[in-house]
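# Inside the fold
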Amino acid sequence: MPSFRTVRLLPLVALVACGGSKDAPSMAAANSPGGTVVISTPGEPDNLLPPITVSQSGQQVEALVFEHLAEIGVGLNTVGDAGFTPSLATSWDWAKDSMSIAFHLDPASRWHDGKPVHAADVAFSFALYTDPKVASPTATLLTNIDSVAVRDSLTAVVWFKKRKPEQFFDIADQMFVLPQHLLGTLDRAQLASSPFASQPVGSGPFRFVRWAQKQALELAADSTAGRRRAQLDRVVFNIAPDPVTAFTRVAAGEADVFEAVRPNNVADVAKNPQLQLLVLPSLDYNYLGFNLVDAATGKPHPIFSDRTVRRALSLATDRRSIVANIYDTLAVQARGPFTMAQASADPSLTPLPYAPDSAGAMLDAAGWVRGADSLRHKAGRTLAFGILVPSTSVARMRAAVLLQEQFRKIGADVKIESTDMGGFVGRMGSRAFDTMIGQWSPDPGPSSVVDTWTSAAAAKGGNNMSAYRSPAFDAQVDSGLAAFAPADMRKHFAAAWRIIADDAPAIWLAEPRRVMAIQKRIITTGMRPDAWWAGIAQWRIPAGQRIARDAPAGATR
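Residues numbered from 1 in each chain as written. Predicted model: local features only at pLDDT ≥ 70, side-chain atom pairs only at ≥ 80, totals over all residues. Heavy atoms only, no water.

### Looking at the sheet that holds strand S15 (residues 369–370)
Here is the rule we go by: Note on pairing: DSSP must find at least two bridges between two strands before they are called paired. Put simply, DSSP H or I for four residues or longer makes a helix, DSSP E for two residues or longer makes a strand, and each gets a number counted from the N terminus.
Strand order across the open sheet formed by 3 strands is S15-S16-S17, with antiparallel pairing between neighbours. Here the strands that pair on one side only, and so sit at the sheet edges, are S15 and strand S17 (381–382). Alignment of strand S16 (residues 376–378) against S17, held across 2 bridges, turns out to be antiparallel. The residue bridging His-377 from the neighbouring strand is Thr-382, located in S17.

Here it is in structure tokens:
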């Protein structure tokens, strides 16, 4: 548990050369803010309103435009407040019984339209995230928060229902603070179609400038941010039609950053004198998710509501060959839904093995019999289904092809349904698929599983796209999250893992490492495994390394 202390934000101290060194001015100029980082990406945000954003591309933008109350440290500790650094809140005080935390906001903080940030904005944000009309996927992660009170204009007091190890993480890092004066009068059931969802106003280091659909999204450093002024002038997300084009733009010097270098391009980056290759740990995992509910009728899915079929398909999946084919050595087999980088993971637990003969016998016993067409049939129904996959993801497209062939060998007729990211996100949200290849970037703490695999997250708007519901799994997760002793936490999460692995609502495929190509002129910092983009405000480009596109917006280029 946290120590009951007050955390204070120390003033920044500028280190300057003494004695009138003639080099001091040039050093200051070299380290002065400026420059543009262009991020090449095939993904386009679904929207830019944090409570309802699903896409990672949208979350990347939001992390630069909005602020948390506090930021998790590079060690990714989620228990208590150790390692957290001030953000919108400059300090915080724990109550003696740990049932409330008073957050003291930075009095200099302003929304990008000039209005001051108030404690009422914190209370409003909590109410917005948890309003059923909003149907925020994040709401399930805020259920232990009872209320947010406004002590004064700069002090928000957060009250909890129970003492839990991750209660500070829940409020500090799971919720962005939003402007009440711009969102307070909007219809909460229609937020996705509001102008704010595509033209956000935050209080973070960068302000929104423009979003040209399928072309580019531009942010500019907030010049009023004072001590928190970003080291860059601009960040531009250059939206490419596909991953190949996205990488090519960085290789050609047209962009600066590409976050998903494929194994066959690693050598190209290594021999490019302008690029550096970064291989980073990651919390990401991808998986084939089964839809347990028929989207058309709302009834149990005619194929995948049957646990036996799901387990048989899991046994028919050669995950080792899929990982090797797609990632070479730059990924490991996923054990899911707890990644190996999380404290809740237990390396002694192994998923269902690759056993195609056993898969066939299991389907036979369940009445799915091969016909003359080599496909399996039961009561007039063919074992036929689609795999929904985003065309912008080369890795997931290749995984779909490999899964299609492996399932064909046991008598399943599989069609690949590829669509752009917008179509993919839309169909996931409406649960209009049989199976889909999804990818999650979970939070560092074990509570992220609440948002993706518990029964509460299976409701409309939740991230449990498979609609998997298991009271036994939920109970073990709840017990694990309430455990203060690490051994007790691991025990409960191991039990939860066994339950979900046996139920097989998904086939967890791979945990890829983050392989990035970055122009060497850029000095990066703060690249956390859970969010490489978190430290962009501290990235810098030395003055002598700046090029034409680094000129401030409106300047001659």
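### Things to note about the sheet that holds strand S20 (residues 435–440)
For clarity, the cut-off: Angles shown run from 0 to 180 degrees and are taken between the N-to-C directions of axes, each axis being a line fitted to C-alpha atoms and, for helices, limited to the stretch in contact. Contacts are assigned to residue pairs that have any heavy atoms within 4.5 Å of one another.
Strand order in this open sheet of 6 strands is S14-S21-S13-S20-S18-S19, and the pairing throughout is mixed. Two strands bound the open sheet, and with one partner strand each, they are strand S14 (331–333) and strand S19 (413–419). Each strand of the sheet is rotated relative to its neighbour by a mean of 25°, with strand direction disregarded. Sheet topology note: the strand S13 (residues 285–290)/strand S21 (residues 506–512) ladder contains 4 bridges and is antiparallel. Within S21, the position partnered with Gly-289 by the bridge is Ala-506. Of the strands in this sheet, S13, strand S18 (384–390) and S21 are in contact with helix H8 (residues 307–315), which crosses S21 at around 35°.

### Regarding the pattern of salt bridges
Which entries qualify depends on this criterion: For salt bridges, the criterion is a side-chain nitrogen of Lys or Arg within 4 Å of an Asp or Glu carboxyl oxygen. Exposure categories follow from relative accessible area, calculated using a 1.4 Å probe and restricted to protein chains: below 20% of the type maximum is buried, above 50% is exposed, and the middle band is partly exposed.
In total, this model carries 17 salt bridges according to the counting rule given. The partner of Asp-530 in a salt bridge is Arg-528, and the shortest N-O contact between them spans 2.9 Å. For Asp-530, a relative accessible area of 10% gives the class buried. Each member of the salt-bridge network shares a partner with another, and the members are Glu-71, Arg-528 and Asp-530.

### Structural notes on helix H15 (residues 486–503)
Residues that lie three or four places apart on an α-helix share one face, since the helix turns once every 3.6 residues. The condition is simple: A helix is expected to span 1.5 Å multiplied by its residue count minus one.
Along its 18 residues, H15 runs 26 Å from first to last C-alpha, staying within 8% of the 26 Å computed at 1.5 Å per residue. Among all positions in H15, only Met-489, His-492, Phe-493, Ala-494, Ala-496, Trp-497, Ile-500, Ala-501 and Asp-503 are buried. Close packing links the buried residues of H15 with H8, helix H13 (448–453), helix H14 (471–482) and S21.

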